[in-house]
Amino acid sequence: MFLARPLFRLVRDDTAIPFMKGRKLGIAFSIILSVLSVVLAFYPGLEKGIDFRGGILMEVRTSGPADLGALRSGIGSLGLGEAGVQEFGDASTVLLRLPVQGDEGATQTAVNQVRATLEQVSPGARLLRTEAVGNRISDELFTGSLIALGLSMLAMMAYIWFRFEWQFAVGAIVTLLLETTKVVGFLAVTRIEFSLTTVAAVLTIIGFSVNDKVVVYDRMRENLRKYKTMPLRQLIDKSINETLNRTLGTSVTLLLSALPLALFGGDTLAGFAWTMVFGIVASTSSSIFIAAPMLLFLGENRLRRVTEAPSPAARAASGT
Amino acid sequence: MLYFARWKVAAIAGVILLGVLLSLPNLFPRASIPSWLPARQISLGLDLRGGSYLLLEVDLAAVVRERLEGLADGARTRLRQANIGYLNLAADPANERLTLRVRDAAQVPAAVAALREMANPAGTAAAPGVPADVNVTSAEDGTVTLTLSETALRARASGAVEQSLEIVRRRIDETGTSEALIARQGQSRILVQLPGVEDPNRIKELLGRTARMTFRLLDENANLQAAVPPPGVEFLEGETPGQRYPVRRRIEVDGANLSDARAGQNGQTGEWVVNFSFDSVGTRRFADITRQNVGRPFAVVLDNKVITAPVIREPITGGQGQISGSFDAASANDLAVLLRAGALPAPLTVVEERTIGPELGADAIRAGLISLAVGASFVFLYMGLAYGLLGWFANIALLVNLLLMLAALSVLQATITLPGIAGIVLTLGTALDANILINERIREETRLGRPPASALEAGFTKASGTIMDSNLTNLIAMACLYALGSGPVRGFAVTVAIGTIVQMWTATTLVRLFVSIWYRRRRPKLLPV
């Protein structure tokens, strides 16, 4: 039974990497990346999907290779605004996009016009998918998503505050903000569509990321009780190193389940899954390099206030 | 910690057995399960099986407009009857009110009293004391304002949405679409899910029409060329462009009084017609009208368009009639469906449509299953190789986790969507987190020099708080996602949340049971960690 014993370890048990040495560099690097991401989110901006931008999206399968030029001019002549026509997956599948029309009624009329045009330009074409989202709905979905994201951050902060001291909550939420902005930057760079599914990915990452932080924080709290005199800096390093195998292990299992989704999950899930993959890597590294070191800035003295051994002066004053 | 009472083992085995039983129905097609079995199944979302999702909005502004028009008509009649002269009668839908000016200031109190009679009680008869839906006020200069009350409007709007829901359901039933899901969403919207419908155009057309049919008399003396129709009359278009009819506003018989409508062919001409019959009230009214107006034309008006305007040749007392217009088989059939189902209280607009063909759905299922298989094998291998025996125990627990997830989803009769499959795949990754935590802890405790039994025990106990904390964060995130709530994304939140909850049990209790059985059999001197 050779399988009964572990065959490998991600990192050796006696690993003692001085993470705190690089904390300023790490945090500075992270802030720069996040600022860049925010800039990218506005210029060139995110590729908003139909959920958030509204409009019409149709996936069409033509009999035989599609004549993109004919389709483009056919739909362009309808005067429905700038039409996007692109190959999708294979040569006989085409993705059509139209901007949002005046109101919902106009959007529905436009859908019918495009159908009629398709019938003319490419007889025998079949509609695989039609999505038509009115501008009011897309606005609502967009604000709803932002609210959900904000709400989840607040809920996480409240939870950690409740379970730990406030320094942990602030540390986690700042890290979370840095991470989420990087995911947004990733979306901007890769031109992955920002849609409801991507928001689902971001929210999932937030959940997992806080989970990661909680484990490290949990260990720090335990160590704070155990080693009453150890300097905080050393204690944080110790806690990170002790939980390193777990942090990396969980990330690996998550990556191993997210990667197949990205590779084989099809076009609909690819954006979601790649966002997850990026988010997992970002959140794991920030758990190690940002979240825990951040506590050193926030809690140099305060986290020790209860457990700190009384100073000689205080002892003298109390007359013991 | 490592000791399990006999009844506990039995209970754990019972839970797993129940999981198997509850998941079993999913292996069989729904039709093949006898109806006496309380079997529940997971259903596939529209993105997996193909179908059409429509979000309709009830035009509540039209409800206000209609009530104001009704009030304006009523005001005209009542003020004329009371011999009160007035000017500038105007409806103002934006502010939900109607204004007019009484010529003779002395008649203002009489006018106010007459107009107040038009108010409907806002509540039902069962709830007296609710203020009336119209508030009548007057100013010094003789201006009388009728304002619709906010509560009454809200009740009316809510009623309109409920009624629309019912009509939408009837119309869709008439088309023979099976398993359609129709539900109210929010204040003014109706969600319609039509599994298997690839081309929702016919249904959209059916739902896009108000189908309010009225029988009214024509004003033969009206001058069609006049810019403004005479009071109480409106000019309505006919079927052919440019055709106009002077139709009296007064509704003699309403489509609501129909008891049946069927498409058919006229025996002589062979053209398509709609045959209808009135209910008892409609029959009586129609008989009265036709008796009093023999030789005069009357109009059948559908959605503010005159379909036909024949001359009444003889009194129609049988309560049956025929509408002939320029119908073909399909349009006659559609009209019959619409008349049978009843009129919508307000127009509906499609504000969101998502239609997915069955091919894409099949592709998506295949892609999802491949990802699940590949993800599961990767994760199993990693876990087994990195953690040895304890890892393989965790893998078995993970399989049970998947089974119980399936069972829970079946019991909830959840709808599984493509993002839902993604949620299951991701659960593979997160579910093992608890075991990784436990295994790492056991390893640490062993390195600290604890004997096997005590190390195992410490591992499970000390990790449990962390497991609780870290899983709760996942659940919070999923609750937020669920609240954001739109079909497929909700499916994701539900599967991940169920996976997380089930996992808290399988990863701890179940694995502990495996470990305890193994430990009692082998009594190892060293733990394989």
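This structure is a prediction, so every number in the text was calculated from the model and none was measured.

Explain the side chain of Ser 92 of chain A to me, please; I cannot follow it from the model alone.
Relative to the helices and strands, Ser 92 of chain A is located in strand S3 (residues 90-98). Setting aside chain neighbours within four positions, we find Ser 92 of chain A in contact with Val 60, Arg 61, Thr 62, Gly 64, Pro 65 and Ala 66 of chain A.

Even after reading the chapter, I still don't get empty space enclosed by the protein, so can you show me in this structure?
To locate leftover empty space, one rolls a probe as large as a water molecule over the atoms. For the structure shown, the criterion picks out five cavities of 30 Å³ or more. In this structure, the largest cavity spans a volume of roughly 140 Å³. Along the wall of the largest cavity there are 14 residues; nearest its centre are Val 215, Arg 219 and Thr 243 of chain A together with Leu 437 and Arg 441 of chain B. Approximately 100 Å³ is the volume found for the second largest cavity. What lines the second largest cavity is a set of 15 residues, among which Phe 208, Ser 209, Asp 212, Thr 250 and Leu 254 of chain A lie closest to the centre. Breaking the lining of the second largest cavity down by element, the ones donating at least two residues are helix H7 (196-226), helix H8 (232-264) and helix H9 (266-299) of chain A together with helix H10 (418-447) of chain B. Here the lining of the second largest cavity gets five residues from one element, more than from any other, and that element is H7 of chain A.

Looking at this structure, I do not really get the pattern of salt bridges. What am I missing?
A side chain with one charge can pair with a side chain of the opposite charge if their charged atoms come near. Going through the model one piece at a time under the given rule, you end up with 50 salt bridges over all chains. Between Arg 443 of chain B and Asp 13 of chain A there is a salt bridge, with the nearest N and O atoms lying 2.4 Å from each other. Placement of Arg 443 of chain B in helix H10 and of Asp 13 of chain A in the segment before helix H1 (23-45) is noted, with the two residues assigned to different chains. Look at Arg 443 of chain B and you get buried, because its relative accessible area is 16%. Arg 202 of chain B is the partner of Asp 334 of chain B in a salt bridge, and the nearest nitrogen-oxygen pair spans 2.3 Å. Here Arg 202 of chain B lies in helix H6 (residues 201-207) and Asp 334 of chain B lies in helix H8 (residues 329-341), a separation of 132 residues in the sequence. Take Asp 334 of chain B: its relative accessible area is 13%, and that puts it in the buried class.

Would you mind showing me how to read the layout of surface pockets here?
All names here are of chain B. Approximately 1,100 Å³ is the volume attributed to the second largest pocket. Looking at the second largest pocket, it is lined by 29 residues, and the ones nearest its centre are Glu 69, Asp 73, Arg 212, Arg 249 and Ile 251. Mapped onto the lining of the second largest pocket, the elements with two or more residues apiece are helix H3 (60-81), strand S9 (213-217), strand S10 (233-238) and strand S15 (298-302). No other element matches the nine residues that H3 contributes to the lining of the second largest pocket.

So what exactly am I meant to see when it comes to helix H1 (residues 6-23) of chain B here?
One turn of an α-helix holds 3.6 residues; hence residues three or four places apart share an orientation. Residue and element names in this part refer to chain B. With 18 residues, H1 should reach 26 Å at 1.5 Å per residue; the first-to-last C-alpha distance of 26 Å fits that figure. For H1, the complete set of buried residues consists of Ile 12, Gly 19 and Ser 23. Looking down the long axis of H1, one finds its buried residues gathered within 20° of arc, a one-sided arrangement. Set apart from the buried face of H1 by more than 90 degrees, the exposed residues are Arg 6, Trp 7, Leu 17 and Leu 21.

Help me out: how do you make sense of the nonpolar core in this one?
Here is a general trend for soluble globular proteins: nonpolar side chains tend to be buried in one another's company. Of all hydrophobic cores here, the largest spans 140 residues; its most connected members are Ile 236, Phe 272 and Met 276 of chain A together with Leu 481 and Val 515 of chain B. Looking at this core element by element, the count peaks at 18 residues for helix H9 (residues 358-411) of chain B. With residues near it in sequence (within four places) discarded, Met 276 of chain A still touches Ala 201, Thr 204, Ile 205, Phe 208 and Ala 258 of chain A together with Leu 426 of chain B.

Explain the environment of Leu 527 of chain B to me, please; I cannot follow it from the model alone.
Topologically, Leu 527 of chain B is positioned in the segment after helix H12 (487-522). Measuring from C-alpha to C-alpha, the distance between Leu 527 of chain B and Ile 442 of chain B comes to 8.9 Å, with 85 residues separating the pair along the chain. With residues near it in sequence (within four places) discarded, Leu 527 of chain B still touches Arg 5 of chain A together with Ile 442, Thr 446, Pro 452, Ala 455, Leu 456 and Trp 518 of chain B.

What's the story with the confidence of the model for chain B in this structure? I'm lost.
Low pLDDT means the predicted atomic positions in that stretch should not be read closely. Of the residues in chain B, 97% reach a pLDDT of 70 or more, and the chain-wide mean stands at 86. Taken over the whole predicted complex, pTM reads 0.82, whereas the ipTM for its chain interfaces reads 0.86.

Mind showing me how you'd approach the environment of Phe 492 of chain B here?
Along the polypeptide, Phe 492 of chain B turns up in helix H12. Residue class for Phe 492 of chain B comes out buried when judged on its relative accessible area of 1%. Remark: the alpha-carbon pair of Phe 492 of chain B and Ala 422 of chain B, spanning 70 residues in sequence, is separated by 7.1 Å. Apart from the residues within four sequence positions on either side, Phe 492 of chain B is in contact with Ala 200, Thr 204 and Phe 272 of chain A together with Thr 417, Pro 419, Gly 420, Ala 422, Gly 423, Leu 426, Met 478 and Leu 481 of chain B.

Reading the values: the criteria
- Residues numbered from 1 in each chain as written.
- Chains lettered and ligands numbered in written order.
- Predicted model: local features only at pLDDT ≥ 70, side-chain atom pairs only at ≥ 80, totals over all residues.
- Heavy atoms only, no water.
- Helix = DSSP H or I, 4+ residues; strand = E, 2+ residues; numbered from the N terminus.
- Contact = heavy atoms within 4.5 Å.
- 1 Å grid on protein atoms, 1.4 Å probe; cavity = no way out; pocket = protein on both sides within 12 Å on 5 of 7 lines; lining within 4 Å.
- Points joined across faces, edges and corners; volume = space filled by probe spheres on them.
- Salt bridge = Lys/Arg side-chain N within 4 Å of Asp/Glu carboxyl O.
- Buried < 20%, exposed > 50% of the residue type's maximum accessible area, 1.4 Å probe, protein only.
- Expected span 1.5 Å × (residues − 1).
- Arc of directions from axis to C-beta.
- Core = buried A, V, L, I, M, F, W, Y, C linked by side-chain atoms within 4.5 Å.
- pLDDT = per-residue confidence, 0-100.

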